[in-house]
Amino acid sequence: MTMQLHDTMAGAVREFVPLEPGRVHIYSCGPTVYGPAHVGNFRSFLFADLLVRYLRYKGLSVTWVMNLTDVDDKIIKAARAEGVSIAEISDRYAKLFLSDIATLSMTAPDVMPRATQHIPQMVELIQKLLDHGNAYRTDDGSIFFRISSWPDYGRLARIDPEGMRVGERVEADDTARTTFATSRSGRDPSPTNRAGIRRSDRGGPAGTSNARP
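Basis of the calculations
Residues numbered from 1 in each chain as written. Predicted model: local features only at pLDDT ≥ 70, side-chain atom pairs only at ≥ 80, totals over all residues. Heavy atoms only, no water. Helix = DSSP H or I, 4+ residues; strand = E, 2+ residues; numbered from the N terminus. Buried < 20%, exposed > 50% of the residue type's maximum accessible area, 1.4 Å probe, protein only. Contact = heavy atoms within 4.5 Å. Areas by Shrake-Rupley, 256 points an atom, 1.4 Å probe, with all protein chains shown as cover. Salt bridge = Lys/Arg side-chain N within 4 Å of Asp/Glu carboxyl O. pLDDT = per-residue confidence, 0-100. Arc of directions from axis to C-beta. Polar contact = N/O pair within 3.5 Å; in protein donor to acceptor, adjacent residues only side chain to side chain. Pairing = 2+ DSSP bridges.

Before going further, it helps to examine the overall build of the protein. Helix and strand content of the protein: 4 helices and 8 strands. Starting at the N terminus and walking to the C terminus, you meet the elements of the protein as β-β-β-α-β-α-α-α-β-β-β-β. Taken across its 213 residues, the protein has 32% of its residues classed as buried. Across the protein, every contact between residues at least 6 apart in sequence was considered, and the portion connecting residues at least 24 apart equals 62%. In the structure as shown, the protein presents an accessible area of about 13,400 Å², 55% of it carried by carbon and sulfur atoms.

Structure, rendered in structure tokens:
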């Protein structure tokens, strides 16, 4: 079988060669189930489906894994707004997602692991990052990855860490570098300043008092 795919790291089109002859393992991001998936979400899901179908058409054995994020800030916010449990919100929209898959005649992934089913593994991984200095804890208990500890950060996406903008999923620290959250505190979201930098309980930028990036 001859098929060419764009190699993001190399920035060039290359022939696809399975690591294991006759077998392919595919992992793709799935939905965060705090609400209905929209057409933009399904564009990426259907592309993965198209790839899986083509590989199987070519005679390859394919195992497709798509994660399902069923615990997230937005899910927690939606649950609080409705006065229901996180599980009720996530189960509702997970079922809707599966229904939408069927409506679109999309191939169902072989495995759909839920985030809540792997919390112990996440905790273990985050602890390893802390132990090796790749992450730090802020004053409110949240944990952020220290991108300055990984020189190749952003290489795959050709992102310059120094030029990243502070936003919802990244946060500025006291060395003017940026980080992303690996674990959020269970406390209510604290106020943000105009730049979108989350504040600690004591009023200073998170991560500037005790944690040293």
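This model, assessed by the stated rule, comprises 8 salt bridges. When the shortest N-O distance is used, the salt bridge between R14 and D7 registers 3.4 Å. What makes R14 partly exposed here is its relative accessible area of 47%. One salt bridge connects E124 with K128, and the closest N-O pair in it is separated by 3.9 Å. You can see E124 and its partner K128 sitting in helix α4 (residues 119-131), 4 residues apart, about one turn around the helix. What makes E124 partly exposed here is its relative accessible area of 48%. Among the charged side chains, a salt-bridge network with shared partners connects D70, D91 and R114.

Our focus in this paragraph is the confidence of the model for the protein. Across the protein, the average pLDDT comes to 80, with 75% of residues at or above 70. Averaged pLDDT values for the elements of the protein fall to 46 in strand β7 (residues 170-172) and rise to 97 in strand β4 (residues 61-66). For residues 166-178, every residue scores under 50 in pLDDT, and the model assigns this stretch 39 contacts once sequence neighbours within four places are set aside. Counted against residues more than four places away or in other chains, residues 188-213, with its pLDDT under 50, gives 54 contacts.

Let us look at the environment of A87. Here A87 shows up in helix α3 (residues 86-103). Spatially, the C-alpha atoms of A87 and I75 are 9.0 Å apart, while their sequence positions differ by 12 residues.

The set of residues buried in helix α2 (residues 73-82) consists of I75, A78 and A79. Buried residues along α2 cover an arc of 100° about the axis, so they all sit on one side. Across α2 from its buried face, at more than 90 degrees, point the exposed residues K77 and A81. In this fold, the buried residues of α2 make contact with α3. With a side-chain oxygen positioned 2.8 Å from the backbone nitrogen of K74, the residue opening α2 is D72. Following α2 by one or two positions, G83 has its phi on the positive side, about 70°.

Within the element layout of this structure, T69 appears in the loop between β4 and α2. A polar side-chain atom of T69 sits 3.4 Å from a polar atom in the side chain of N67. Look past the residues within four positions of T69 in its chain and what remains in contact with it is P31, T32, V33, I75 and A115.

What follows is about the pairing of strand β2 (residues 12-15). In this sheet, β2 lies alongside strand β1 (residues 4-7) in antiparallel orientation, the contact comprising 4 bridges. When the bridges of β2 are listed, Q4 appears paired with E15. As consecutive antiparallel partners, β1 and β2 are separated by 4 residues, and within that stretch G11 has a phi angle of approximately 70°, a positive value.

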